[in-house]
Amino acid sequence: MKISHFGIAVRDLKSAEQLFAKLLGVSDTHHEEVADQKVRIASFELGDARVELTEPTSGDSPISKFLDKRGEGIHHVAFEVEDVAKELARLKAQGFQLIDETPRSGSHNTLIAFLHPRSTNGVLVELCQNLPKKEGQ
Ligand code: ZN
C-alpha cells in the first residue's frame, strides 16, 4: 500500500481552497463532485499523493455529520491498493470492521471502500484502487 490522499472536511470549499493553495504554494486544483457521497472536492497533487478538501453538498452527507460532530479537520487517510475487493476480503478475515462490504466509486476514477474507525485506532481509512482511464480522459 501507499498513501493515495488525505481527505480534509471543510465548511467552505472556496476559502479553504485559497488557503491551501497559499499553504502549498500551488494553484493547480482539480474539482469534482461525488454524487454518491454528496460532496464537492478540490484536490491538490503533491508528488504521488493528493490533499482533498471536501465540502458537503447536502445536510445528510457523511461529511456534514462529521463537521457537526468533530468540526473541520482531517477526515480520512486513503491508501492506494491494487484490488479493493481483495483487500476488503483480506482485512475482514483479519477482524477489521468494514463500512463498505463492496467497493463503490470515488473521485479521480477510482474504486473505494472505507474501514470503520472503531477498528483502526479512530482513523477513518479508505482503500482506493485506480481504474484504467476511460476514453477521452
Ligand atoms: Zn478519499
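The coordinates are above.
Residues numbered from 1 in each chain as written. Predicted model: local features only at pLDDT ≥ 70, side-chain atom pairs only at ≥ 80, totals over all residues. Heavy atoms only, no water.

Looking only at helices and strands, the protein chain has 3 helices and 8 strands in total. Its helices and strands taken in sequence order, the protein chain reads β-α-β-β-β-α-β-α-β-β-β from the N to the C terminus. For 137 residues, the compact-globule formula gives about 14 Å, and the C-alpha radius of gyration of the protein chain, at 15 Å, lands near that figure. Judged by the C-alpha coordinates and their principal axes, the protein chain covers about 45 × 40 × 25 Å. Across the 137 residues in the protein chain, those meeting the buried criterion constitute 42%. When the accessible surface of the protein chain is summed, it comes to about 8,000 Å², and 51% of that surface belongs to carbon and sulfur atoms. Between the mean site of the 17 positive side-chain charges and the mean site of the 21 negative ones, the protein chain shows a separation of 5 Å. (Helix = DSSP H or I, 4+ residues; strand = E, 2+ residues; numbered from the N terminus. Rg over C-alpha atoms; globule rule 2.2 N^0.38 Å. Buried < 20%, exposed > 50% of the residue type's maximum accessible area, 1.4 Å probe, protein only. Areas by Shrake-Rupley, 256 points an atom, 1.4 Å probe, with all protein chains shown as cover. Lys, Arg positive; Asp, Glu negative; His and termini not counted. Charge placed at Lys NZ, Arg CZ, Asp CG, Glu CD.)

Among the 8 residues in strand β4 (residues 49-56), 8 count as buried, and that is most of the element. As paired elements, strand β1 (residues 2-9) and β4 share 5 bridges and run parallel to each other. Each bridged residue has a counterpart across the sheet, and for I8 the counterpart in β4 is L53. Both strand β3 (residues 39-46) and β4 contribute to a ladder of 8 bridges, which runs antiparallel. Directly across from R40, in β4, lies its bridge partner E55. The turn joining β3 and β4, which pair antiparallel and follow one another in sequence, is formed by 2 residues; a positive phi near 60° is taken by G47. (Pairing = 2+ DSSP bridges.)

Another point: the coordination of the zinc ion. Expected angles at a metal are 109.5 degrees for tetrahedral coordination by four donors and either 90 or 180 degrees for octahedral coordination by six donors. The coordination sphere of the zinc ion, as far as protein atoms go, consists of H5 (NE2), H76 (NE2) and E126 (OE), spread over 2.0 to 2.1 Å. Read in sequence order, the donor residues for the zinc ion give the motif H-x70-H-x49-E. Of this pair, H5 sits in strand β1 while H76 sits in strand β5 (residues 73-80); the two residues are 71 residues apart in sequence, bridging distant segments of the chain. Across the pair, H76 and H5 agree in class, each one buried. (Donors = N, O, S within 2.8 Å, 3.2 Å for Na, K, Ca; no water.)

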